[in-house]
Structure formats: structure tokens, C-alpha cells
Amino acid sequence: MAFTPTTLELPSTMPPAAAAAADAVSTAPAERTAARVIATSSRTASASAASGSVARVWRKVQGSGDWDGMLSPLHPVLRGEVARYGELVGACYAALEEDPSSPRYMNCKYGKLRMLEDAGVAGAGYEVTQYIYSSPDAAVPGMEASTSGRASWVGYVAVSTDETTRRLGRRDVLVSFRGTVTPAEWMANLRSSLVPASLAARGGGGGDVKVESGFLNVYTSADETRRFGCADSCRDQLLREVSRLFAASRSGGEDVSVTLAGHSMGGALALLLAYDLAELGVAGGAPVTVFSYGGPRVGNAAFKARCDELGVKVLRVANARDPVTKLPGVFLNEATTRSGPLAAMRGACYVHVGEELALDFVNLGDLASVHDLGSYVASLREGVVTDAEAATGGVLAMAMELVGRQWQSKDAARGMVQSTGLI
């Protein structure tokens, strides 16, 4: 059945140095991410298509049963799909205009019709329907007028084509988010205190449900300057477009999934959106799934419990060497407060949501690659998967080892220190 969009109106603790590592994506890593993701995109697309079995197991791929029996060993269909969604996130980096002299600075370089193809993800099988902008209310000292509240392109909403829908076994509504790039986003990431989620709920959650204030700021702040013609918050843009696409898909009697994918800070935004959609009942019982790549913790134990209660499915793809996946809450978290003298603090600390797909990779010649999205996708394709419980690879221990090996190289040392969040 052809897809015809319709219109639906919707009512509208960490020290700063460590918190700064909550998203290690600067201009150079963004370029590297785009190149690496593009280099692997054709391989993953062909492998996923060749499997020919996505449609038979799509509900399991989207988290039905919490991926029981699919993670260890990693099911080949799940591997292909997780890598494919990673490539679709990589398009956000490839398409972002980072030349300050360009009139499209911090906007998408391409039009929606050909964005995925121009970004190097040819044959993705999705139609981009909406660009999404965020406007964090977080001024950089000395740059207040040019940073706080100014919109930047953070991702896109898309829907699967008819051909891809047949292959996937359902119509897939996709939202992809990039990680931190702008100074205002970096400043927002420094706000690592837990605050009430303050999103409209259906009688659940309440004030006990708390999330990181910086991520919530990026998600809910609006651009009063109407830069790029956008005055709505990231949240309002997303709720309106996802609701419209979901209603259009359901009106055709199709099975529908809502897939939210993001890298680093983008993983946090994806989780906030998933929680928001579930609380508002927008998806109407359809699977809402988050694929997070190198994502940080987002909220407290009550937030996790509420996401579980609402049926939000989250698969965290995490490199054991990636410091961002340990933040916020590197010392007080779901593991350190599980028992013993710190157990009483469990309700006040950060807790990961969902299941973990653990990877283990590091390139001593390129230390920042431990958090690079392109490296994540390549590692999925190459099968660099580890046992989450056995992945000891402590970040600080790794840092000391790398310092000993590469201290002579100033560039390598600087990359290592930034990657571990020591500055």
C-alpha cells in the first residue's frame, strides 16, 4: 500500500571536567565519523538486504522480549540492523555544514529529497520528511549573543519507503540524532544535575522521575530568534512530525515501528523522545525502540523504572573503552549502588536504561576513536563484540596504559586526555 502522509494536530554531580566528556564530538571527529560511516554503508546495506529475514524477526529486532537470545551470540540480523541504523545516524554528521563562512552554518547542507544519498547513504530506503533543530539555552562565556538559544540542525525524521517497508515487515518511522558539536551544546552537557523530567505524563512518573538538566535543556528549549525559520523546541518539532507520520501509517492498516537512533548526546535525546512518546501515548502500542551508540546515562532509577513500565525498549551499543558511556555517574551508578554501603543512594544516582550490546575496540594511533560513531559501525560489521559482564577495560586503567605507551606524542596524549574527560 502506498504511503500517503496526512496531517494530525497535536496539543502542543559530576565535576565539570568529567561532565565535559559527556559528548566527545568536535568538528574533526565529526568529519572522521562521516567518512568512516560512509565507507561501511554499502557493505552493511547489502548484508542486511541479503539476509532476507528481517521481516520474520522484526519484532525481536525492535526489542520484543528485551532481545533475549539475540545478543549472545549476536544474531546476524540484529547485527545488520543495528549497523544500518548507525549509518543513518552517521548521515547527520556527513550532512552538517560546519563551515562558519557558509550561510548554512550549523544547518543541513542538503535538501530533504536527496539528503541521505548526498550524505553517502545511498539506497537507504527512507524518505526524509522533516529536519529537526535544537536550541539549547546555554550561553558560552564571552559568546552569549552568538551561542545561547540559537538553533542548530541536530537530526531528521524519516519514514521507510514502500519497498523498504516490505523488506522490514512494517512501516518504520525513524528519528536520527547527531552528538554534540556546537559550543552551546557543550555548555548544556556540563549541566549534570538531576531535575524532574517535567514532561506531560498520563498519571505516571511524577516528580521522582528525573533526568539530566543539560539534555532536558537541549530537548525543550526554543529559538526565539527564529534562526533557520524554526521557533519551536526540539521536542515540539518531534512530537508534531512523529505523530503525523504514525497516524498516516496506521490509517493504512500497516504494522508500524518507531525507531529512535542517536550517537552520544543524540542517544540521550532519543531516549528522552522515547519516554515522551510513551507517556503521551503517541505510538498507540506500537514498538518504540531506541538504538543508542556511545550514549551517556540520562536519568535516575525512577526514570528507568518508568521507561520499563511504559514498554520503552533501549539497546545501548557501548564500547567498553568509551568513557562517555560511563557518564554521568562514573562513581555513583546502577553498579556501585547495587549493594553495600552505597545502596541507600541508588535512588539519587544516574542509572542506564535498557540492554547493552557491548563492543571492545581501541586504536592506539587514534585515541578519540573509542567514541567515534564510524568506529562503532565498523566494529559491529567486524564482529568486535564482548561480554558486558567480562569487559573490565576500566577507562582510567586504559588511560594510564596509553599514557605509558604514547606520552611522547603530544597529539596522542591530548586525544587520550580529552577522550577520558580529564579536561
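- Looking at an unreviewed UniProt entry, one finds the protein chain named Phospholipase A1 EG1, chloroplastic/mitochondrial, with Oryza rufipogon as its source organism.
- In the Sequence similarities (unreviewed entry) part of its UniProt record, the protein chain is described as follows: "Belongs to the AB hydrolase superfamily. Lipase family."
- According to UniProt, the comment filed for the protein chain under the heading Subcellular location (unreviewed entry) is "Plastid, Chloroplast".

**Observations concerning the nonpolar core**
Consideration 1: By size, the foremost hydrophobic cluster in this structure holds 50 residues, and its most contacted members are Met115, Tyr156 and Tyr293.
Consideration 2: For this core, the element with the most residues is helix H4 (residues 76–94), which contributes eleven residues.
Consideration 3: Setting aside residues up to four positions removed in sequence, tyrosine 156 forms contacts with Leu88, Ala91, Cys92, Met115, Leu116, Val128, Gln130, Tyr131, Ile132, Leu174, Val175 and Ser176.

**Let's talk about the pairing of strand S3 (residues 171–177)**
Consideration 1: Burial of S3 is extensive: seven of the seven residues sit out of reach of the surface.
Consideration 2: Burial along S3 is two-sided: Arg171, Val173, Val175 and Phe177 facing one way and Asp172, Leu174 and Ser176 facing the other are all buried.
Consideration 3: Relative to S3, strand S2 (residues 152–160) runs antiparallel, the two being bridged by five bridges. When the sheet's bridge partners are listed, glycine 155 is paired in S3 with phenylalanine 177.
Consideration 4: Here S3 pairs with strand S6 (residues 256–263) via seven bridges, running parallel. The partner of arginine 171 across the bridge, within S6, is valine 256.

**Considering the packing of helix H9 (residues 213–220) against helix H11 (residues 265–280)**
Consideration 1: Following both chains from N to C, one finds H9 and H11 inclined at 70°, their axes separated by 10 Å at the closest point. One way to sum up the angle between H9 and H11 is to call them roughly perpendicular. Residues Phe215, Leu216, Val218 and Tyr219 of H9 lie in contact with H11, whose contacting residues are Met265, Ala268, Leu269, Leu272, Leu273 and Asp276.
Consideration 2: Partitioned by chemical class, the residues of the contact of H9 with H11 number nine nonpolar, no polar and one charged.

**Focus on the pattern of salt bridges**
Consideration 1: Within this structure, the stated rule accounts for 17 salt bridges.
Consideration 2: Notably, a salt bridge pairs arginine 171 with aspartate 162, separated by 2.8 Å at the nearest N-O pair.
Consideration 3: Given a relative accessible area of 28%, aspartate 162 falls into the partly exposed group.
Consideration 4: Salt-bridge contacts for glutamate 356 lead to arginine 316; the nearest nitrogen and oxygen are separated by 3.2 Å. In this pair, glutamate 356 is assigned in strand S11 (residues 355–359) and arginine 316 in strand S9 (residues 313–319), connecting sequence segments 40 residues apart.

**What about the sheet that holds strand S7 (residues 288–293)?**
Consideration 1: In space, the seven strands of this open sheet follow the order S1-S2-S3-S6-S7-S9-S11, with mixed pairing throughout. The open sheet terminates on both sides in strands that have one partner only, identified here as strand S1 (126–134) and S11. Adjacent strand axes in the sheet meet at a mean angle of 15°, parallel and antiparallel pairs treated alike.
Consideration 2: Bridge count for S6 against S7 is six bridges, and the pairing is parallel. Bridging across to S7, alanine 261 finds its partner in phenylalanine 291.
Consideration 3: Across the face of the sheet, helix H10 (residues 234–251) comes into contact with S1, S2, S3 and S6 while running at roughly 160° to S1.

**What about unusual backbone geometry?**
Consideration 1: Following serine 72, the chain continues to proline 73 via a peptide bond in cis, the omega torsion being 0°.
Consideration 2: Within the fold, proline 73 resides in the loop between helix H3 (54–61) and H4.
Consideration 3: In this structure, the amide linkage connecting leucine 327 to the following residue, proline 328, adopts the cis form with an omega of -25°.
Consideration 4: By the element assignment, proline 328 lies in the loop between S9 and strand S10 (350–351).
Consideration 5: The residue aspartate 66 is not glycine, and still its phi comes out positive at about 55°.
Consideration 6: Looking at where aspartate 66 falls in the secondary structure, it is placed in the loop between H3 and H4.
Consideration 7: Positive phi is not limited to glycine here, since methionine 106 has a value of about 65°.

**Considerations on the packing of H9 against H10**
Consideration 1: Where H9 contacts H10, the axes come no closer than 5 Å and their chain directions differ by 60°. With respect to H10, the element H9 is oriented oblique. Each of Val218, Tyr219 and Thr220 in H9 lies in contact with H10, whose residues at this interface are Cys234, Arg235 and Leu238.
Consideration 2: The class makeup of the residues in the contact of H9 with H10 is four nonpolar, one polar and one charged.

**Describing H3**
Consideration 1: Turning to H3, its buried residues number three or more, namely Val54, Trp58 and Val61. The arc that holds the buried residues of H3, viewed along the axis, is 75°, so those residues lie on one side.
Consideration 2: Looking one or two residues past H3, glycine 63 carries a phi angle of roughly 110°, positive in sign.

Parameters at a glance
- Residues numbered from 1 in each chain as written.
- Predicted model: local features only at pLDDT ≥ 70, side-chain atom pairs only at ≥ 80, totals over all residues.
- Heavy atoms only, no water.
- UniProt positions renumbered as here; feature names shortened; annotations may be inferred.
- Core = buried A, V, L, I, M, F, W, Y, C linked by side-chain atoms within 4.5 Å.
- Buried < 20%, exposed > 50% of the residue type's maximum accessible area, 1.4 Å probe, protein only.
- Helix = DSSP H or I, 4+ residues; strand = E, 2+ residues; numbered from the N terminus.
- Contact = heavy atoms within 4.5 Å.
- Pairing = 2+ DSSP bridges.
- Axes fitted to C-alpha atoms, helices over the stretch in contact; angles between N-to-C directions.
- Parallel < 35°, antiparallel > 145°, perpendicular 65-115°, else oblique.
- Nonpolar A, V, L, I, M, F, W, Y, C, P; charged D, E, K, R; others polar.
- Salt bridge = Lys/Arg side-chain N within 4 Å of Asp/Glu carboxyl O.
- Arc of directions from axis to C-beta.

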